[in-house]
Amino acid sequence: MANPTGFLDIARHERPDRPAAERVKSWDEFALPLPPETVARQAERCMECGIPFCHSACPVNNLIPDWNELVSEQDWKAASERLHATNNFPEFTGRVCPAPCEAACTLNLDDNPVTIKSIECEIADRAFREGWVTPRLAARGTGRRVAIVGSGPAGLACAQQLARMGHNPTVFEKADRIGGLLRYGIPDFKLAKSLIDRRVAQMEREGVLFRTNVEVGTEVTLDRLLDDYEMVVVAAGAERPRDLAIPGRELAGVHYAMDYLTQQNRRVAGDGETAEPITATGKHVVVIGGGDTGSDCIGTANRQGAASVTQLEIMPEPPAREDKALTWPNWPLRMRTSTSQEEGCARDFAVMTAAFEGEGRVERLRFTRIRWDEGRPEPVEGSDSHIPADLVLLAMGFTGTSFPAQGGGLELAGESILAGAKDFATSRPRVFACGDARRGQSLVVWAIREGRDCAAAVHKALSRL
Ligand SMILES: Cc1cc2nc3c(=O)[nH]c(=O)nc-3n(C[C@H](O)[C@H](O)[C@H](O)COP(=O)(O)OP(=O)(O)OC[C@H]3O[C@@H](n4cnc5c(N)ncnc54)[C@H](O)[C@@H]3O)c2cc1C
Ligand code: SF4
């Protein structure tokens, strides 16, 4: 413990964001790094707890107290090695992770957790700046071929681990670029896409092959992959969006969030305009759904110059502050304001959308207020109302994978691919599944964890051949 009284003497100091009025004029990342000396001082706040709850709350079990100590001693290179020991892509999680580690930090008992996420981000960014992140080539090759379907964080982590074990992974991606939701879901202002390209370049040097614009299950069958590869990993995500089957759903101007977000990420990437552009410019935008996807729609709509942005949430407004005695170290349910919501948006809770109305195009959204009664929504009598809506974005989550699993002979569990949480084995021999395709809609950090564990399971299976 570099500074035994650091947690008492040093105040929590989070990395700043560009001011909201300024950042909405740009697609660039809004988070501003702190000087390394300030980050090192923040790491001194870590108490190196006997039971580090931060470590067990982290899905990749990052060795947080270890790298906090190394950062506080300004040994950034060793900190980077320790960080990369458990996390293939800390530059992604350092930007977009909700940080369950900080919720679990002992110092969060009085709302002042160690700034774990920004320390992680600075370690990763510095490691790249200093040239410490280099390809890690396996000493020997096994000649074993593994096909990985999907290039999101799960597929990428799986491929990188397998290549480092000496196997030959090939990643098949139906989109034109690598990255999954990192590329076409999460907006550039949260995660610059050059960071994905940088990792892909490292992975190519490590021996990973990438094949874009190939849809497995339609263009190439699973059977064909099993002829050509010893093992197949399905990391195809959970792309099937939840719909809202209400009157007016067919009107123009009502879209799934991902159709909208993908278009904008493509514009920023320089792809130009699509045949049917969906934009918020000058429109009254209503976002239905309160999660990450909804927030990303709000940030994108504000940057496009929406006339107004309203977010509707069916659940009641959560408490402003959690009861720590009941929730800590678990992830608490409490009111959160995302950076996108901070940039400008009206939020309404306990609202059920009843209909979209308009002549050919959506013009209004009709809703009813609800009361939650023992977990069941009850309409509040006389609360029917409407708001103007020129663009409605459905961001109510995802129900499961769109991978044609049954066509490939894979059993499903609900709408996800049935596979073990430890061996990742599907119902079909030599086929594994991981990430959102297996566990359902989740987080980047869980996708990385599943990709890593799945690679270990594939390695074990290969050693038995
Ligand atoms: C808009 C949005 C914002 C989000 N923001 C955050 C956030 O801030 N923080 C966070 O932690 N999580 C966030 N998430 C969740 C996170 O992005 C996912 O949990 C994570 O990306 C899942 O990784 P994955 O590799 O399992 O799947 P994905 O990232 O979905 O990747 C799956 C890939 O498989 C490809 N694919 C699918 N079918 C086929 C096929 N048949 N053949 C070939 N390729 C195929 C897809 O094109 C895709 O590239 C967000 C999700 C969304 C939708
Ligand atoms: S819980 Fe917080 S204070 Fe304790 S080891 Fe983890 S980061 Fe440090």
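The chain carries the name Dihydropyrimidine dehydrogenase subunit A in an unreviewed UniProt entry, which gives Sphingomonas astaxanthinifaciens DSM 22298 as its organism. Quoted verbatim from the Pathway (unreviewed entry) field of UniProt, the annotation for the chain is "Amino-acid biosynthesis."

A. Expanded view of the site of ligand 2. As a matter of local geometry, ligand 2 sits amid 13 residues, with Cys46, Cys49, Cys54, Cys105 and Thr106 nearest to it. The element contributing the most residues to the shell around ligand 2 is helix H5 (residues 64–72), with three residues. In terms of residue class, the shell around ligand 2 is built from 10 nonpolar, two polar and one charged.

B. Local environment of H5. H5 sits mainly inside the fold: seven of its nine residues count as buried. When H5 is considered as a whole, its buried residues turn out to be Ile64, Pro65, Trp67, Asn68, Leu70, Val71 and Ser72. Looking at the buried residues of H5, the elements they touch are helix H3 (36–43), helix H4 (53–57), helix H6 (76–84), helix H8 (100–104) and helix H9 (116–129).

C. Up close: the nonpolar core. Core analysis: the largest hydrophobic core is formed by 64 residues, its most contacted members being Val71, Val233, Phe432 and Val458. Per element, the largest residue contribution to this core is 10 residues, and it comes from helix H19 (residues 444–463). For this core, the two domains that each supply at least three residues are domain 1 (6–129) and domain 2 (145–239 + 399–463). If sequence neighbours within four positions are ignored, Phe432 has contacts with Met231, Val232, Val233, Val234, Asp423, Phe424, Ala425, Thr426, Cys454, Ala457, Val458 and Ala461. Formed by 21 residues, the second largest nonpolar core is a distinct cluster that contains Leu226, Val232, Ala236 and Val431.

D. Spatial organisation of the pairing of strand E8 (residues 308–312). The buried fraction of E8 amounts to four of the five residues, a majority that puts the element mostly inside the structure. Where strand E7 (residues 284–288) lies against E8, five bridges are found, and the strand directions are parallel. Among the inter-strand pairings, Val285 is bridged to a residue of E8, identified as Val309. Crossover connection from E7 via helix H15 (residues 292–303) to parallel E8: handedness right-handed. Two strands pair when backbone bridges link them, and E8 and strand E9 (residues 346–348) are joined in this way by three bridges, in the parallel orientation. The residue bridging Leu312 from the neighbouring strand is Asp348, located in E9.

About the criteria used
Numbering of residues starts from 1 in every chain and runs along the sequence as written. Naming scheme: in the order in which they are written, chains are lettered from A and ligands are numbered from 1. Local features are withheld for residues below a pLDDT of 70 in this predicted model, meaning they are given only at 70 or higher, and side-chain atom pairs are given and counted only at 80 or more; totals for whole chains, interfaces and linings count all residues. Based on all heavy atoms of the structure, the side-chain values leave hydrogens and waters out of the count. UniProt positions are given in the numbering used here, feature names are shortened, and annotations may be inferred rather than shown by experiment. Being near a molecule or strand, for a residue, comes down to having at least one heavy atom within 4 Å of it. Working definition: helices are DSSP H or I runs of at least four residues, strands are E runs of at least two. Numbering for both runs from the N terminus. When residue character is reported, Ala, Val, Leu, Ile, Met, Phe, Trp, Tyr, Cys and Pro are called nonpolar, Asp, Glu, Lys and Arg charged, and the others, Gly included, polar. The classification of residues rests on relative accessible area computed with a 1.4 Å probe and restricted to protein chains. Under 20% of the type maximum is buried, over 50% is exposed, and intermediate values are partly exposed. Should any heavy atoms of two residues lie within 4.5 Å, those residues are counted as being in contact. Definition used in this section: a nonpolar core is a set of buried Ala, Val, Leu, Ile, Met, Phe, Trp, Tyr and Cys residues joined via side-chain atoms within 4.5 Å. For the domains described, the bounds stem from an automatic or database domain assignment. When DSSP finds two or more bridges between a pair of strands, those strands are recorded as paired. Think of it like this: strands point away, you trace from the first strand over the helix to the second, and a clockwise trace means the crossover is right-handed.

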